[in-house]
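Chain residues, written in single-letter form:
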Amino acid sequence: MTADRHHAAALADRIGSMRFAMFTFRDGYDHLVSQPMTKQDVDAEGGLWFFVNSTTELWDSIAHQPEVNVSFADNENSTYVSVSGRAERVVDRAQVQARWNPMVQAWFPAGPEDQHAVLVRVDPHAAEYWDSNDSKMVRLFAMAKAAVTGTQPDVDGEHGTIKL
């Protein structure tokens, strides 16, 4: 496996089953804004795929300012991933059809032929992650102890960066 494929696989593994993300982009006033999005896929190159409506501000914005950030959180397992990358607009009916699922149908009742049902693919530059190895109860105890003693919590965790 090449280094790039290895890093893409590491990213896919970190994100795992986390489906919901906050997608951050720049609006028409150059302000950072975020909106919740549902991840559809992570491809072999580490690209993140999302359905979007072509009439939205996000769709318009990434045509001019494609640098974005996508953040995932799994609070139950204390796993967090932040992906920076370049978004591209994908108007390809075959790609739309290939990634179509019943949940997307809720947003686009006309189905995969809806002209406004398009895709955004984020080509990641890097991903930063935080992952706790301790159970939730151990983490809560460590935080309570730290609050009482005025120290930082002593938890077993991992933090790193994946360059893509």
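Overview of the structure.

What counts and how
Residues numbered from 1 in each chain as written. Predicted model: local features only at pLDDT ≥ 70, side-chain atom pairs only at ≥ 80, totals over all residues. Heavy atoms only, no water. Salt bridge = Lys/Arg side-chain N within 4 Å of Asp/Glu carboxyl O. Helix = DSSP H or I, 4+ residues; strand = E, 2+ residues; numbered from the N terminus. Core = buried A, V, L, I, M, F, W, Y, C linked by side-chain atoms within 4.5 Å. Buried < 20%, exposed > 50% of the residue type's maximum accessible area, 1.4 Å probe, protein only. Contact = heavy atoms within 4.5 Å.

## Quick look at the pattern of salt bridges
If you walk through the whole model with that rule in mind, you get seven salt bridges. Glu67 is the partner of Arg86 in a salt bridge, and the nearest nitrogen-oxygen pair spans 3.0 Å. Taken together, the residues Arg86 in strand S5 (residues 79–90) and Glu67 in strand S4 (residues 67–74) connect sequence positions 19 residues apart. Three or more residues joined by partner-sharing salt bridges are found here, namely Asp43, Glu88, Arg121 and Asp123.

## Describing the nonpolar core
Counting 25 residues, the largest nonpolar core has Phe23, Leu48, Phe50, Phe72, Val81, Val120 and Val122 as its most contacted members. Elements represented by at least two residues in this core include exactly helix H1 (3–15), strand S1 (20–26), strand S2 (32–42), strand S3 (48–53), helix H2 (57–64), S4, S5 and strand S6 (117–132). The greatest single-element share of this core, amounting to five residues, is contributed by S6. Once residues within four sequence positions are removed from consideration, Val122 is found in contact with Phe23, Gly46, Gly47, Leu48, Phe50, Val68, Val70, Gly85, Arg86 and Ala87. Residues Phe51, Trp100, Ala117 and Leu119 belong to the second largest nonpolar core, which totals nine residues.

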